[in-house]
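Breakdown of the fold
Okay, here's what each chain looks like letter by letter:
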Amino acid sequence: MRKIISLLSAFFVVASITLGTAAYAADSKKPIRIPTHNWSSQIVMAYVIGGIFESIGNNVEYVPADSNAVYEAIRQGDVDISHEVWQSAFGKSFDNARDAGGLLDWGDHEARTLEDMGFPNWIMDTDLCPGLPDWTALKNPDCAANFATPDSGGKGRWLEGPQSWHGDLMPQRLEALGLDDLWMVKFAGGADALWADLAAAEKEQRGSIIFNWTPNFTDGAGFTFIDFPPYYDGCRPVDGGDGKCGSPDGYLKKAVYEGFPKTHPQAAEIFKKMSFTTSHIGAMAALVDTDKMTHEDAAKKWLSDNESVWKAFVN
Ligand code: TMO
């Protein structure tokens with residue numbers, strides 16, 4: 001009888017260890033590779049997510065990456081996750097990688113997105129461009145002249161973000177809408193040049209049209225997006241359309257390398273549950289662009305200010 005009991009208990013010990021391993025497979029100690037790009041919320045969120053993964057004992061590595069090429073890198077297994085897949089800029093690169101295999105759609109954040117040209121609200125209290133935010137106001141030559149800068153050859157200037165974000169989308173749009181006689185596009189070297197132009201234009205009381213996006217630190221801080229003709233699937237020249245459309249009311253998606261849930265099942269489960277709102281993401285950007293913190297310090301502050309938010313993904 002004793003023997004049977006000890007055999008039985010040995011069986012249960014072995015069974016529970018086996019079952020336990022299946023239910024709570026340990027994550028690999030291999031670092032989880034998180035990409036960093038060139039806008040503030042994305043970099044802060046990289047460190048936020050890295051901090052969350054570290055809180056459950058994982059190792060992480062931050063990999064600076066091109067924001068469109070990263071989806072091919074994920075598909076190939078060189079990067080593990082993408083935490084800010086913005087539909088307008090990266091939807092096509094994301095679709096291509098997912099369709100080729102190796103990259104999984106891991107769901108959307110709660111936040112919706114817009115990535116488009118716009119201007120600071122104070123411009124609407126002046127005569128610089130009557131009729132904004134309707135895009136047809138840009139057909140007025142007097143408006144365009146008020147947005148000229150020394151580098152714009154007498155035309156009104158759209159200050160675009162870096163060309164790596166969405167290529168020639170904006171030059172193509174100016175042409176499609178018949179605005180290219182009056183307006184030109186200048187690509188900024190980095191996001192900081194966009195914010196610097198907003199400040200300089202207000203000081204000089206000259207026009208400023210920049211590329212911007214939401215969620216961002218400019219949410220609720222007096223920035224308005226131009227109303228272009230509505231977006232529809234296929235309207236862009238890269239998708240075979242005539243280009244006469246603005247940007248979509250877009251998703252903000254997460255993506256993973258298909259090997260990631262196998263090497264790091266616990267972190268992958270957390271990442272799948274993760275969902276940030278417009279105000280979460282706006283705050284991540286503001287800690288850097290308004291409060292001038294480093295990305296790492298901003299992430300630490302965000303994590304300590306928002307424990308209840310991220311602990312809900314871990315539990
Ligand atoms: C991808 N971005 C948020 C800069 O438009």
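What you are looking at is a predicted structure, and each value in this text was computed from that prediction instead of being measured. (Residues numbered from 1 in each chain as written. Predicted model: local features only at pLDDT ≥ 70, side-chain atom pairs only at ≥ 80, totals over all residues. Heavy atoms only, no water.)

Attention now goes to the environment of Lys203. Mapped onto the secondary structure, Lys203 falls in helix α7 (residues 191-204). According to the relative accessible area criterion, Lys203 is exposed, its value standing at 78%. The sequence separation of Lys203 and Arg33 amounts to 170 residues, and the corresponding C-alpha distance is 42 Å. (Helix = DSSP H or I, 4+ residues; strand = E, 2+ residues; numbered from the N terminus. Buried < 20%, exposed > 50% of the residue type's maximum accessible area, 1.4 Å probe, protein only.)

The set of residues buried in helix α9 (residues 265-273) consists of Ala267, Ala268, Ile270 and Phe271. Here the buried residues of α9 occupy an arc of 160 degrees about the axis, which is enough to place them on one side. (Arc of directions from axis to C-beta.)

Another aspect to go through is the sheet that holds strand β9 (residues 223-225). Strands sit in the order β7-β6-β8-β5-β9 across an open sheet of 5 strands; the sheet is mixed. Two strands in the sheet have a free side with no partner beyond their single neighbour: β7 (183-187) and β9. Taken pair by pair, the neighbouring strands of this sheet meet at an average axis angle of 40 degrees, ignoring direction. Two elements, strand β5 (residues 114-120) and strand β8 (residues 209-214), share 5 bridges in a ladder whose sense is antiparallel. Note on β8: the bridge partner recorded for Met117 is Phe211. Sheet strands in contact with α7 are β5, β6 (156-160), β8 and β9, and its direction is about 120 degrees off that of β8. (Pairing = 2+ DSSP bridges. Axes fitted to C-alpha atoms, helices over the stretch in contact; angles between N-to-C directions. Contact = heavy atoms within 4.5 Å.)

The biggest cluster of nonpolar side chains holds 89 residues, and the ones touching the most others in it are Phe53, Leu138, Trp158, Trp183 and Phe276. Broken down by element, this core gets its largest block of residues, 9 residues, from helix α2 (residues 40-55). For this core, the two domains that each supply at least three residues are domain 1 (27-112 + 250-314) and domain 2 (114-239). With residues near it in sequence (within four places) discarded, Leu138 still touches Cys129, Leu132, Cys143, Trp158, Leu179, Leu182, Trp183, Ile209 and Ile226. (Core = buried A, V, L, I, M, F, W, Y, C linked by side-chain atoms within 4.5 Å. Domains from an automatic or database assignment.)

Where strand β1 (residues 32-36) meets strand β2 (residues 60-64), 5 bridges bridge the pair, whose relative direction is parallel. Looking at the pairing, Thr36 lines up with Pro64 of β2. Following the backbone out of β1, through α2 and into the adjacent parallel β2, one traces a crossover that is right-handed. (Right-handed = clockwise from strand over helix to strand, strands pointing away.)

Attention shifts here to the layout of surface pockets. If you add up the space inside the largest pocket, you get close to 430 Å³. Ser88, Lys92, Arg236, Val238 and Asp239 are, among the 24 residues lining the largest pocket, the residues nearest its centre. Counting only elements with at least two residues in the lining of the largest pocket, the list comes to α4 (87-100) and α6 (169-176). Examining the composition of the lining of the largest pocket, we find that 9 residues originate from one element, α4, more than from any other. Along the lines of polarity and charge, the residues of the lining of the largest pocket split into 9 nonpolar, 9 polar and 6 charged. (1 Å grid on protein atoms, 1.4 Å probe; cavity = no way out; pocket = protein on both sides within 12 Å on 5 of 7 lines; lining within 4 Å. Points joined across faces, edges and corners; volume = space filled by probe spheres on them. Nonpolar A, V, L, I, M, F, W, Y, C, P; charged D, E, K, R; others polar.)

Before going further, it helps to spend a moment on the site of the ligand. All residues in the neighbourhood of the ligand are listed as Trp39, Trp86, Phe90, Glu115, Trp165, Phe211 and Trp213. Between the ligand and the protein, one listed contact pairs an oxygen atom with a side-chain N or O atom of Glu115 at 2.8 Å. Given that more than half its atoms are within 2 Å of the pocket grid, the ligand belongs to the largest cavity. Broken down by class, the residue content of the shell around the ligand amounts to 6 nonpolar, no polar and 1 charged. When residues are assigned to domains, the shell around the ligand turns out to be shared by domain 1 (27-112 + 250-314) and domain 2 (114-239), each giving three or more. (Near = heavy atom within 4 Å. Polar contact = N/O pair within 3.5 Å; in protein donor to acceptor, adjacent residues only side chain to side chain. Sits in = over half its atoms within 2 Å of the grid points.)

Okay, the environment of Asp181 next. By the secondary structure assignment, Asp181 is in the loop between α6 and β7. Measuring from C-alpha to C-alpha, the distance between Asp181 and Leu132 comes to 19 Å, with 49 residues separating the pair along the chain.

Moving on to the state of the cysteines. Following the criterion strictly, the structure yields 2 disulfides and no others. Two residues share a disulfide in this structure: Cys129 and Cys143, whose sulfurs sit 2.2 Å from each other. Negative torsions about the S-S bond denote left-handed disulfides, and the value of about -90 degrees found for Cys129 with Cys143 makes this one left-handed. Here Cys129, found in the loop between β5 and α5 (141-145), pairs with Cys143, found in helix α5; they are 14 residues apart in sequence, far enough to count as distant. (Disulfide = S-S within 2.5 Å.)

Nothing here speaks to function; it is all geometry.
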